[in-house]
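A look at the structure
The chain contents come next:
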Amino acid sequence: MSSDIIIHEPFETAARQKVAVPFGVWSFLATECLFFGGIFLFYAYARWHGGEAFSAGAKETDIWFGSANTFILMTSSLTMAIAERATKEGLVRLARWMLWATIGFGLAFLVVKGFEYRKDISEHLIPGPHFKLEQGPAAQFWAFYWTVTVTHAIHLTIGLGVVGRLLWIDRRGDLAPHATTAEGTALYWHLVDIVWVILYPLLYLVGRP
Amino acid sequence: MSPNTQEGIVDRELRSPSYLQNGTTIRSWLLTTDHKRIGILYAMSITFFFFLGGIAATLIRLELISPTGLFLTNDEYNRAFTLHGIVMVWFFLVPSIPTTLGNFLLPMMIGAKDVAFPRLNLMSWYLFIAGGLLTVLALIAGGVDTGWTFYTPFSTLYSNSHVLLAAMGVFVVGFSSIATGVNFIATVHLLRAKGMTWMRLPLFGWAMYTTSLVMVLATPVLAMSLLLVVAERAFGLPIFDPRSGGDPLLFQHLFWFYSHPAVYIMVLPAFGVVSEIITCEARRRIFGYQFMVYAMVVIAVIGFMVWGHHMFVSGQSAFASLVFSFLSFVIAVPSAIKVFNWTGTLYRGQIRFSAPMLYALGFIGLFTIGGLTGLFLASIPIDVDLTDTYFVVAHFHYIMVGGSVSAFFGGLHFWWPKITGRMYSERLAQFAAISMFFGFNFTFFPQFIMGWMGMPRRYHLYAPEFQPWHVMSSMGAVVLAFGYAWPVFYLGWSLFKGQRAPDNPWDATGLEWQTRSPPPKENFDRTPVVTDGPYKYHPQDSTPHEVEQAQAPQVP
Ligand SMILES: [Cu+2]
């Protein structure tokens, strides 16, 4: 069963306090949407104007790394969702395992991404003097690739931090009363996943039959 | 004396200490989660930045006295106006009213103990300080010369100044804005006292709410545009670079998608402050409360749809310009409604020409001039002629400085007794308000004229026929500087020697006045319950004539 939460300032009622964290996180997610919206606008512009050359750049990405990471991150979404629900229901042991799994998948994503970066670098896919392809739209694609994946990875790292914080709360032994914290964390984690779901076709499926 | 005051004396010993006495160590301030103390921390920080930006403004106005320049090189002049712009916009104007008066008053006005996320509130201050340090570092390292707008490709490919540090500073301070915005939105939604319905919110509360919406939805786009600038400048990734097919216009779209709504981040809070002052000092209910609310909401929404009016000469399509021009005219309507309603509020009121009221009346005048000249600039043919002239400079200073800063000073005086528990000298404050009004007009009205004549902005060498106007403007700036510096002295004096303030020195009706001055940490000794709308300065149905009869004569 759900445990009672401790009311702290400035809240007067548990009902209000319960919605506060998710409410705040939802507002922050609105911010995040517009944040990523900016770079997606750049993508839309570059693809619209770049045409074939832009898709030619996109063909250089490694779809195997991308697909593996999509699979990993989607699975982490599942474990995070279970962890959140388990916390709410007071199933602390299950929640703990699922949080560790989420962290594991998150780290796995970063490791795969690291190998992918290594391959990209060895293939001279960083725009600049040694760029493999022609300057122009292909370089713009790769400018997008690097900027957006690094930004996403930073978000994911912050996500690992907030999931880790839940585990730390659990070590103190009061995970159960922190169900709303778990809900806020889950919301943020899912945002990071959703951004990746949008990125996957934009980065890996463009120009492929 | 009213019976309330006597009641107050009886239980004085039993009461908890005020928020100022509740811990007096530096540590208790730096780790505080009390919204009132965070407001004070912010107030001290933005005062520092205000004077930093002011020093840059002084250099600019001195330099412009002579058509051949006095003491700055071209490069130094570019750095001076860039510093002035960056510091004043992001480190003073945007945070000014929300983070100081807003932080302090919003929870009190809605009858809450604190903002919804007190620790996030403290974090936002630390983010502000971190962003400020980065920007000061950019200044110490040698400054930035791109102008506050960071236009590409100059900022990313050509500038030899410390663009990265400054851009990162603004990026970080943006997240402090977002944190404040998220916090205020949640606070207004979740923490209103019993009976405080949406349509009973004081207009200052609505102003904070709508401002926060704009902060949360616009600031991230600025963050992304600066991130892209950093990616292109630091890592050579071709994003806006035309040589790789990029488009510098894209940067302008992203930048103005934030920076036009940012004008409303600066001016919506001013609307709130002025509404509180005018109702109290005219002893009148606000004229057309609902229209005032909807006007702010409409301004916040349409504010997102007009950014293209900054780009009429940038090469955007004529059709886009037409739409943006039309929408820029549309947004003038709710602004005008507000001006008419403030004027309507004054009608048949019992007006006290106190210092806050003088600031508020000054706001209405200056904001109206700024708004009307905005219509000049919203119409494409005139804008094509006036783009990048002093006319534009004068226009946005009327809105942002004449408008917002006047309101900020008005609010500072109005709530000073509540915040500090001390009274200030009314005469000296009236003198400051009047000098600010005249100083402001002396400084910026000549800029309309020389702008109309063709004086371009961001030039320090100019044709000799503009000199009289520049000299006039610089003389006015002396008066204006006095108007800004003078309050530091008498308000500083009031902090230590001022008379103790009563709980409600202006007989105002807001909840924040129904508690002690300065308030206890929990804001209220007992949680308030709201039974009626704001601004109950006279019975709802009385005619103006009866109002006059019903009110006791005012002591000035
Ligand atoms: Cu604008």
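Note that this is a predicted model, so its numbers are computed, not measured.

Our next topic: the overall build of chain B. What chain B contains, in helices and strands, is 18 helices and zero strands. Radius of gyration (C-alpha) of chain B: 23 Å, near the 24 Å computed for a compact globule of 556 residues. With the C-alpha coordinates aligned to their principal axes, the bounding extent of chain B is approximately 75 × 50 × 45 Å. For chain B, the proportion of its 556 residues judged to be buried stands at 61%. Taking the contacts inside chain B whose residues are at least 6 apart along the sequence as the reference set, 83% of them involve residues at least 24 apart. Total accessible area computed for chain B in this model is approximately 21,400 Å², and 69% of it derives from carbon and sulfur atoms.

The subject of this paragraph is the overall build of chain A. Along chain A, the regular secondary structure elements total five helices and zero strands. Element order for chain A, N to C, with α for helix and β for strand: α-α-α-α-α. Reported as C-alpha extents along the three principal axes, the dimensions of chain A are approximately 60 × 30 × 30 Å. Residues classed as buried in chain A amount to 50% of the 209 residues present. Considering only contacts within chain A whose residues lie at least 6 apart along the sequence, 78% involve residues at least 24 apart. In the form shown here, chain A has an accessible surface area of approximately 9,700 Å², with 69% of it arising from carbon and sulfur atoms.

A few words now on helix α3 (residues 35-63) of chain B. Between its first and last C-alpha, α3(B) extends 42 Å over 29 residues, near the 42 Å set by a 1.5 Å rise per residue. With a side-chain oxygen lying 2.9 Å from the backbone nitrogen of Lys36(B), the N-terminal cap of α3(B) falls on Asp34(B).

If you look at the interface, chain A gives 31 residues, while chain B gives 37 residues. At the boundary of chain A with chain B, total buried surface from both sides reaches about 3,000 Å², with 72% on carbon and sulfur atoms. Scanning the region where chain A abuts chain B turns up one salt bridge. Taking the shortest distance from any N to any O, the salt bridge between Glu12(A) and Lys113(B) comes out at 3.5 Å.

What follows is about a nonpolar patch on the surface. A surface patch of nonpolar side chains, amounting to about 440 Å² of accessible area, comprises Ile55(B), Leu59(B), Leu62(B), Leu70(B) and Phe71(B). Within the secondary structure, Leu62(B) sits in helix α3.

Turning our attention to the environment of Gly23(B). Residue and element names in this part refer to chain B. Its place among the elements puts Gly23 in the loop between α1 (3-10) and α2 (26-30). Exposure remark for Gly23: the relative accessible area of 28% places this residue in the partly exposed category. With sequence-adjacent residues up to four places away left out, Gly23 is seen in contact with Ser28, Trp29 and Arg37.

All names here are of chain B. Residues Trp90, Phe150 and Trp342 are the most contacted members of the largest nonpolar core, which totals 228 residues. Among all residues touching Trp342, those that are not within four sequence positions of it are Phe271, Val274, Ser275, Ile278, Ile286, Met292, Phe363 and Ile364. Core analysis: the second largest hydrophobic core is formed by 12 residues, Ile60, Val393, Met455 and Tyr462 among them.

Turning our attention to the coordination of the copper ion. All names here are of chain B. In the first shell of the copper ion, the protein supplies His260 (ND1), His309 (NE2) and His310 (NE2), at 1.8 to 2.0 Å from the metal. Considered as a linear motif, the donors of the copper ion on their single chain read H-x48-H-H. Relative accessible area serves as the criterion here: at 28%, His310 is assigned to the partly exposed category.

This paragraph deals with the packing of helix α1 (residues 14-58) of chain A against helix α4 (residues 137-171) of chain A. All names here are of chain A. Interhelical geometry of α1 versus α4 gives an angle of 150° and a closest axis separation of 7 Å. Here α4 runs roughly antiparallel to α1, going by the angle between their axes. The handedness of the crossing between α1 and α4 comes out as left-handed. Its residues placed into classes, the contact of α1 with α4 shows 16 nonpolar, six polar and one charged.

All right, on to the confidence of the model for chain B then. Per-residue confidence for chain B gives a mean pLDDT of 92; residues scoring 70 or more make up 95%. Within the model, the stretch residues 1-8 of chain B combines pLDDT values under 50 with one contact to residues more than four positions away or in other chains.

All names here are of chain B. In this fold, Pro417 is placed in helix α15 (residues 390-420). Each C-alpha atom, one on Pro417 and one on Pro67, is 46 Å from the other, the two residues being 350 residues apart in sequence. Look past the residues within four positions of Pro417 in its chain and what remains in contact with it is Arg422, Met423, Tyr424, Ala501, Pro505, Trp506 and Ser517.

This part takes up the confidence of the model for chain A. Per-residue pLDDT for chain A averages 92, and the proportion of residues at 70 or more is 98%. Ranking the helices and strands of chain A by mean pLDDT puts helix α3 (residues 92-122) of chain A first, with 96, and α1(A) last, with 93.

All names here are of chain A. Following the criterion strictly, the structure yields 17 salt bridges over all chains and no others. Taking the shortest distance from any N to any O, the salt bridge between Asp170 and Arg96 comes out at 2.5 Å. Taken together, the residues span a long stretch of sequence, with Asp170 in helix α4 and Arg96 in helix α3 at a distance of 74 residues. Residues joined in a network through salt bridges with shared partners are Glu60, Asp62, Lys119, Glu123 and Lys132.

All names here are of chain B. A full pass over the atoms with the stated rule returns 68 aromatic pairs over all chains. With a centroid separation of 5.7 Å and an interplanar angle of 50°, the aromatic rings of Phe204 and Trp415 are classed as tilted. Of the two residues, Phe204 sits in helix α8 (residues 203-235) while Trp415 sits in helix α15, which places them 211 residues apart along the sequence. Grouping residues by exposure puts Phe204 and Trp415 together as buried. Where Phe251 meets Phe255, the ring centres are 5.8 Å apart and the plane angle is 25°; that geometry is what we call stacked. Here the residue Phe251 and the residue Phe255 both occupy positions in helix α9 (residues 248-282), the gap between them amounting to four residues, near one helical turn. By relative accessible area, Phe251 is classed as buried at 0%.

Residues and elements named next belong to chain A. For the pair α3 and helix α5 (residues 179-205), the least separation of the axes is 13 Å and the interaxial angle reads 30°. The angle between α3 and α5 falls in the class roughly parallel. With respect to the hand of their crossing, α3 and α5 are arranged in left-handed fashion. Of the residues in α5, those in contact with Thr102, Gly106, Phe109, Lys113 and Glu116 of α3 are Trp189, Trp196 and Tyr204. The residue inventory of the contact of α3 with α5, partitioned by class, reads four nonpolar, two polar and two charged.

For residues that are not glycine, phi is negative in most cases, and the peptide bond is trans in most cases. All names here are of chain B. Look at the link from Thr152 to Pro153: it is a cis peptide, with omega at 0°. If you trace the backbone, Pro153 turns up in the loop between α5 (118-141) and α6 (154-158). Following Ser517, the chain continues to Pro518 via a peptide bond in cis, the omega torsion being -15°. Assignment of secondary structure puts Pro518 in the loop between α17 (467-497) and α18 (544-550). One non-glycine residue, Arg348, lies in positive phi territory at about 60°. Among the secondary structure elements, Arg348 is positioned in the loop between α12 (332-346) and α13 (355-378). On the accessibility criterion, Arg348 (35% relative accessible area) is partly exposed. Residues other than glycine seldom take positive phi values, yet Tyr535 does so here, at roughly 60°. Secondary-structure assignment places Tyr535 in the loop between α17 and α18.

Parameters and conventions
- Residues numbered from 1 in each chain as written.
- Chains lettered and ligands numbered in written order.
- Predicted model: local features only at pLDDT ≥ 70, side-chain atom pairs only at ≥ 80, totals over all residues.
- Heavy atoms only, no water.
- Helix = DSSP H or I, 4+ residues; strand = E, 2+ residues; numbered from the N terminus.
- Rg over C-alpha atoms; globule rule 2.2 N^0.38 Å.
- Buried < 20%, exposed > 50% of the residue type's maximum accessible area, 1.4 Å probe, protein only.
- Contact = heavy atoms within 4.5 Å.
- Areas by Shrake-Rupley, 256 points an atom, 1.4 Å probe, with all protein chains shown as cover.
- Expected span 1.5 Å × (residues − 1).
- Polar contact = N/O pair within 3.5 Å; in protein donor to acceptor, adjacent residues only side chain to side chain.
- Buried area = accessible area lost by both parts, 1.4 Å probe.
- Salt bridge = Lys/Arg side-chain N within 4 Å of Asp/Glu carboxyl O.
- Patch = residues over 30% accessible without salt bridge, like charges linked within 9 Å, V, L, I, M, F, W, Y side chains within 5 Å.
- Core = buried A, V, L, I, M, F, W, Y, C linked by side-chain atoms within 4.5 Å.
- Donors = N, O, S within 2.8 Å, 3.2 Å for Na, K, Ca; no water.
- Axes fitted to C-alpha atoms, helices over the stretch in contact; angles between N-to-C directions.
- Parallel < 35°, antiparallel > 145°, perpendicular 65-115°, else oblique.
- Left-handed = near helix turned anticlockwise from the far one by under 90°.
- Nonpolar A, V, L, I, M, F, W, Y, C, P; charged D, E, K, R; others polar.
- pLDDT = per-residue confidence, 0-100.
- Phe/Tyr/Trp six-rings, centres within 6.5 Å; stacked < 30°, edge-to-face > 60°.

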